[in-house]
Structures are given as C-alpha cells and as structure tokens.
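Working through the structure, step by step
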Amino acid sequence: MSKKILALIVLGMFVMAIGLTGCGSQKSTTQAPKVIRVGSETAFAPFEFQDEKTKEYTGFDMDLIRALGKQMGYEVQIVSMGFDGLIPALEAGNIDVIASGMTITEERAKKVNFSKPYYKSGLTVVVKSDNNTIKGFKDLEGKNIAVQIGTTGANEAAKVKNAKVRAFNNPPEAFMELRAGGVDAVINDKPVNDYFIVQSGSKDAKVVGEPLTAEDYGLATSKKNAELGEKLNKALDELQKNGEYEKIYVKWFGVKPAK
Ligand code: ARG
C-alpha cells in the first residue's frame, strides 16, 4: 500500500515537473521580445540624430518609433544607413520599417507602404546670413545649391533652371558646404533647417522665403508585410488618443501638434 502511494507521489511529481518545464519553455518563446529593425538616416535633427554623450539615437522619430514598438510589443532596433539606401533595404528585407522623416510621395508609394501621416513638413531655403540676393526659391536660378541625396529637397533643386546641384550624404554636410562658401543655398526640410539655425546660434545662416511644399512624413513598411503596416497605424492611433504622441511632439517642438 505505502509503496503504491509512494509510486503515485513520485509519478505525480514527475508529471508536475514535465508540466512545469513545458510551461517554462512555452513562456520563454512567447516572452522573448520580438524585434523590429528600423532603418533611418540619423543625421537629421531633431528627428533622428546621435546623442553626443550616450551615442544613442535620439529625436522625434526615434521616440515615436520606440513608443510605437512598445505599444505593439516589439523591441526596436535602429539601423543607421544612407537615406537613399532605405527603400532598397526595406525591399530586400534587411529592415522592417523606415522611420526617417520620409515624405510620403507617389513615387515612393509605388515601392513601399506608408503609414498615416505623422508629421506635417515642407521645404525651405537656407542661405548665409549676409546673402541679400536670395530671398526665396524664385531667386535660385543659376545658383549653386546643396541638398541631401535622394530627398524631396533634391527633387525640387533639380527643377531649378541652370542651377548647379550638389548632393551630400546628409544635411549637416550640406550646411557645412554653405558655411565654407562652396554653395549659395541649401534646400532641405523646414523643421530641420529651423533646428540647425537655432543650434548654430543663427549667426552664419538664415532661412529665406516661404515653405515651397507641404509634405507629410510617413513610416514605411514593405508591401510584403501588410500586417505590420496595419499594426503601426493602429498603434499610431492609440498613441494619438492616449496623449503619448502629443507628449513626444511637445518634447521636440515645444508646441502641440496642429489638429
Ligand atoms: N523629407 C525629405 C524626404 O523624404 C527628407 C528626409 C531626410 N531624412 C533623413 N533622415 N535624412 O525626402
């Protein structure tokens, strides 16, 4: 009798042990954080740039995509690369999302899926402070213009008559060339130009004229991964409802987003 009970107890423990291990391994697969690889050209403050001290990628887009990742239950891994390499990387499956101040355009939408717009932007012109001849886009004819490669700014510059356009890897390099006197103007996104002017103490450069375009930034996902695109839109809605989006917006731009 007591032997039978002992056998039952041992058997019971054995079953429990199997059950526990079973649970354990199940848990570890469902709990392991899923990672989304987010591609970005990270010299585009205040949207994406490297914190000098921590070396971490920071900025509006970085905060937003991390918050979206959290909302969806993903860990976000930032992959820094050239702006013109982002869409090819997405198409090749090397990244899952583009968060890079990327303007939603018809041309790009043929290749990738865009989320709902998440930021309203546009292009402006930056010249040296002492330049009094270029007062806006209309004065750019025949001038030397710097842009970032593969951007909407580069597209606009290409339309300017007789202009000599030089494409740089990122806006800071274009601004440096302007400072050095190598170009007359930079065409680039308004919020980035404004941030640059403020950061540089607005002594050597200024923004001229009205914004040329009205552009919307969107997050891009692969056409082969419609599910991720839908999840992103849903998470974006949720962050806009729960105030998290507004918090991030105010942190970087000092004002509430326009409704
Ligand atoms: N909005 C512009 C475009 O889509 C410029 C974006 C550049 N972004 C960046 N992270 N460098 O063409």
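Each remark here, short or long, concerns the structure printed above.
This one's a predicted model, so the numbers in the text were calculated from it and none came from an experiment. (Residues numbered from 1 in each chain as written. Predicted model: local features only at pLDDT ≥ 70, side-chain atom pairs only at ≥ 80, totals over all residues. Heavy atoms only, no water.)

Moving on, we get to the pairing of strand S10 (residues 164–168). With five bridges joining them, strand S9 (residues 144–148) and S10 adopt parallel strand pairing. Residue pairing for S10: Asn 144 is matched across the bridge by Lys 164. A crossover connection joins S9 to the parallel S10 through helix H5 (residues 152–159); in handedness this β-α-β unit is right-handed. (Pairing = 2+ DSSP bridges. Helix = DSSP H or I, 4+ residues; strand = E, 2+ residues; numbered from the N terminus. Right-handed = clockwise from strand over helix to strand, strands pointing away.)

What follows concerns the side chain of Asn 193. Looking at the element boundaries, Asn 193 is found in helix H7 (residues 190–199). The exposure class of Asn 193 is buried, given its relative accessible area of 0%. Looking at Asn 193, its side chain comes within polar contact range of the main-chain oxygen of Asn 188, at 2.9 Å. For Asn 193, the contacting residues outside a window of four places in its chain are Thr 124, Val 126, Phe 175, Asn 188 and Val 207. (Buried < 20%, exposed > 50% of the residue type's maximum accessible area, 1.4 Å probe, protein only. Polar contact = N/O pair within 3.5 Å; in protein donor to acceptor, adjacent residues only side chain to side chain. Contact = heavy atoms within 4.5 Å.)

Taken in spatial order, the five strands line up as S4-S1-S5-S14-S6 in an open sheet, and their pairing is mixed. The outermost strands of the open sheet, each flanked by one partner alone, are strand S4 (74–80) and strand S6 (112–114). Summarising the sheet, strand S5 (residues 97–98) and strand S14 (residues 220–222) pair through two bridges and their orientation is antiparallel. Bridge pairing in S14 places Ile 98 opposite Ala 220. Packed onto the sheet, helix H2 (residues 60–72) meets strand S1 (34–40), S4 and S5 and runs at close to 150° relative to S4. Here helix H8 (residues 226–241) sits on the sheet and contacts S1, S4, S5, S6 and S14; the angle it forms with S14, its principal contact strand, is near 155°. (Axes fitted to C-alpha atoms, helices over the stretch in contact; angles between N-to-C directions.)

The next thing to look at is the site of the ligand. Within the structure, the ligand sits among 14 residues, and Glu 41, Ser 100, Arg 108, Thr 152 and Asp 189 are positioned closest to it. Here a nitrogen atom of the ligand sits 3.0 Å away from a polar atom, N or O, in the side chain of Glu 48. A distance of 2.8 Å separates a nitrogen atom of the ligand from a polar atom in the side chain of Ser 100. Protein chains bury 100% of the 340 Å² of accessible surface belonging to the ligand in isolation. Its residues assigned to classes, the shell around the ligand comprises four nonpolar, six polar and four charged. (Near = heavy atom within 4 Å. Areas by Shrake-Rupley, 256 points an atom, 1.4 Å probe, with all protein chains shown as cover. Nonpolar A, V, L, I, M, F, W, Y, C, P; charged D, E, K, R; others polar.)

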